[in-house]
Amino acid sequence: MDKYVVPSPVTINIETTLRCNLLCKMCGRVNVNPRQYAHADMDMETFNRITPLMENAKTIWLSGFGEPLLHKELAAMVQLAKKSSKSAEVPFTTNAMLLSAQKAEELIDAGLDKMQVSIDGTTKWGHVGGGADMSKVIANLKRLKELKAEKGVAYPEVIMGFVAMKDNLHELLDVLDIAREVDVKFITVQPLRPGSEEMRNQNIYRHPKYARKMIDKARKKAESLGITIEAQFMDFEMSDKRRDCGFPSEFLHVSLDGSVYMCCGGMPTFQNVKDTPVCDIWNSEIYLKLRQSLDTGDYPVKCLNCSIMYNTIENQERDIIKHLTLLEKIRKKGFLGSIKSAIALTRRRFGF
């Protein structure tokens, strides 16, 4: 298993809080009682336990499901992450509604490298539908730009993130206008990962022709504005092939209680930085086994249910059918004693 030992993660993702000031329809939090997250912030003691692994990381991302600007010690976390790494970029994702002048100044002084502002449109399908005031977001970003100019710094760089859905994809054109207004030059576009049956039809991979048309239109407009649009967890051709995953060899996620996960899909290590040194967790047996599984193609059930590896459930089902067909051919050639053995193997592989 030594070949699967990796000196350091490329990215450390730290869930600083689970609280949020918005309740957006496309977010998985919409089905959870907000009271559950009333005091859901990572404490500095837990954060400090992650720092030994930061030295050689390339990115230390300080956000998860919640809104990081709600954390009172966010600036201190930024500062500690910068101090604990040799050259890591420290960003986070935010809706920017709470980006007051004081918070902006604190984050600049702490050395925040990048701020990804989530703007998923201008109507009910985006953050506006969750309670965001787009005029306030724009005003906050303009003020941040002014503060950077006053201090003579170029950081934090502001980029935007857009979660693409069937009913908001046309609003990417409006988001480009907002980006131009606040001098943003880079936007990431990623597909919705449906968290409920209700949202499944919003998956743009169920509407590939329409998605390609709207994305092409947005890319042309972006080019005319000098803005770069980058695909994340997808490609602009809307290809439906299963995607390779390198997360377990590059990525470590720490939830606010200190639990460690091996990917953004929530593959657990069943270990916690409060009980086990984070450097030991990174190359623990469960991490090594997952890296080996992905390397050999023997994917765990959770990976086969991943919306990053499979853009739609139909694509997943198609691979399962291929697997069953292959097993039947093997059975007919006499390599398996019976179809019962084939079914058992498939159940183990796909979690039936």
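The present account deals with the structure reproduced in this document.

Notes on the state of the cysteines
Okay, step 1: In the structure shown here, the tally under the stated rule is 0 disulfides.
Okay, step 2: As a non-bridged cysteine, Cys264 has Cys263 as the owner of its nearest cysteine sulfur, 5.9 Å distant.
Okay, step 3: Looking at Cys303, it has no disulfide partner, and the nearest cysteine sulfur is the one in Cys245, 6.3 Å off.
Okay, step 4: Judged by its relative accessible area of 9%, Cys303 falls in the buried class.

Topic: the pairing of strand β6 (residues 186-191)
Okay, step 1: Of all the 6 residues making up β6, 5 are buried; the element is thus mostly covered by neighbouring parts of the structure.
Okay, step 2: With helix α5 (residues 172-181) bridging strand β5 (residues 157-164) and its parallel neighbour β6, the resulting β-α-β unit is right-handed.

Brief notes about the sheet that holds strand β8 (residues 251-254)
Okay, step 1: Strand order in this open sheet of 5 strands is β2-β1-β8-β9-β10, and the pairing throughout is mixed. For this open sheet the edge positions go to β2 (59-61) and β10 (268-272), each flanked by a neighbour on one side alone. The mean inter-strand angle of the sheet, taken between neighbouring strand axes irrespective of direction, is 20 degrees.
Okay, step 2: Contacts between helix α9 (residues 285-296) and the sheet are confined to β8, β9 (259-261) and β10, with β10 contributing the most and set at about 165 degrees to the helix.

What about the pattern of salt bridges?
Okay, step 1: Taken as a whole and judged by the stated rule, the model has 15 salt bridges.
Okay, step 2: Notably, a salt bridge pairs Lys3 with Asp295, separated by 3.6 Å at the nearest N-O pair. Taken as a pair, Lys3 in the segment before β1 (11-14) and Asp295 in helix α9 lie far apart in primary sequence, 292 residues in all.
Okay, step 3: The class for Asp295 is partly exposed, based on a relative accessible area of 48%.
Okay, step 4: One salt bridge in this structure joins Asp41 and Arg19, with 2.8 Å as the shortest N-O distance.

Focus on the sheet that holds β5
Okay, step 1: In space, the 5 strands of this open sheet follow the order β3-β4-β5-β6-β7, with parallel pairing throughout. Each of the sheet's edge strands pairs with one partner strand only, and the pair in question is β3 (91-94) and β7 (228-231). Strand-to-strand twist across the sheet, computed as the mean angle between neighbouring axes with direction ignored, equals 25 degrees.
Okay, step 2: In this structure, β5 lies alongside β6, joined through 5 bridges in parallel fashion. Note that in β6 the partner of Phe162 across the bridge is Val189.
Okay, step 3: Along the sheet, α5 makes contact with β5, β6 and β7, crossing β5 at roughly 170 degrees.

A short note on the packing of aromatic side chains
Okay, step 1: For the structure on display, the rule yields 3 aromatic pairs.
Okay, step 2: A centroid spacing of 5.0 Å and a plane angle of 85 degrees characterise the contact between Phe247 and Phe251, whose relative ring orientation is edge-to-face.
Okay, step 3: Connected via pairs of aromatic rings, a cluster forms that spans Phe233, Phe247 and Phe251.
Okay, step 4: The positively charged end of Arg193 is found above the aromatic ring belonging to Phe233, 4.9 Å away from the centroid.
Okay, step 5: When the ring centre of Trp282 is taken as origin, the NZ or CZ atom of Arg291, which lies over that ring, is 4.4 Å away.

Observations regarding helix α6 (residues 208-225)
Okay, step 1: With 18 residues, α6 ought to run about 26 Å at 1.5 Å a step, and its terminal C-alpha atoms sit 25 Å apart, in line with that.
Okay, step 2: By the burial criterion, the buried members of α6 are Ala211, Met214, Ile215, Ala218 and Ala222. What you see down the axis of α6 is that its buried residues fit within an arc of 100 degrees, all on one side. Opposite the packed face of α6, turned more than 90 degrees from it, sit the exposed residues Lys209, Lys213, Lys220, Glu223 and Ser224.
Okay, step 3: Against α5 and β7 lie the buried residues of α6.
Okay, step 4: Where α6 ends, the next residue or the one after it, Gly226, has phi of about 75 degrees, a positive value.

So, unusual backbone geometry
Okay, step 1: A cis amide bond links Tyr155 to the next residue, Pro156, at an omega of -5 degrees.
Okay, step 2: With respect to the helices and strands, the residue Pro156 is situated in the loop between α4 (134-151) and β5.
Okay, step 3: Backbone geometry places Phe270, a non-glycine residue, at a positive phi of 60 degrees.
Okay, step 4: In this structure, Phe270 sits in strand β10.
Okay, step 5: A residue is classified by how much of its surface remains accessible, and Phe270, at 70% relative accessible area, is exposed.

Here is what the cut-offs are and how they apply
- Residues numbered from 1 in each chain as written.
- Predicted model: local features only at pLDDT ≥ 70, side-chain atom pairs only at ≥ 80, totals over all residues.
- Heavy atoms only, no water.
- Disulfide = S-S within 2.5 Å.
- Buried < 20%, exposed > 50% of the residue type's maximum accessible area, 1.4 Å probe, protein only.
- Helix = DSSP H or I, 4+ residues; strand = E, 2+ residues; numbered from the N terminus.
- Right-handed = clockwise from strand over helix to strand, strands pointing away.
- Pairing = 2+ DSSP bridges.
- Axes fitted to C-alpha atoms, helices over the stretch in contact; angles between N-to-C directions.
- Contact = heavy atoms within 4.5 Å.
- Salt bridge = Lys/Arg side-chain N within 4 Å of Asp/Glu carboxyl O.
- Phe/Tyr/Trp six-rings, centres within 6.5 Å; stacked < 30°, edge-to-face > 60°.
- Lys NZ or Arg CZ within 6 Å of the ring centre and 35° of its normal.
- Expected span 1.5 Å × (residues − 1).
- Arc of directions from axis to C-beta.

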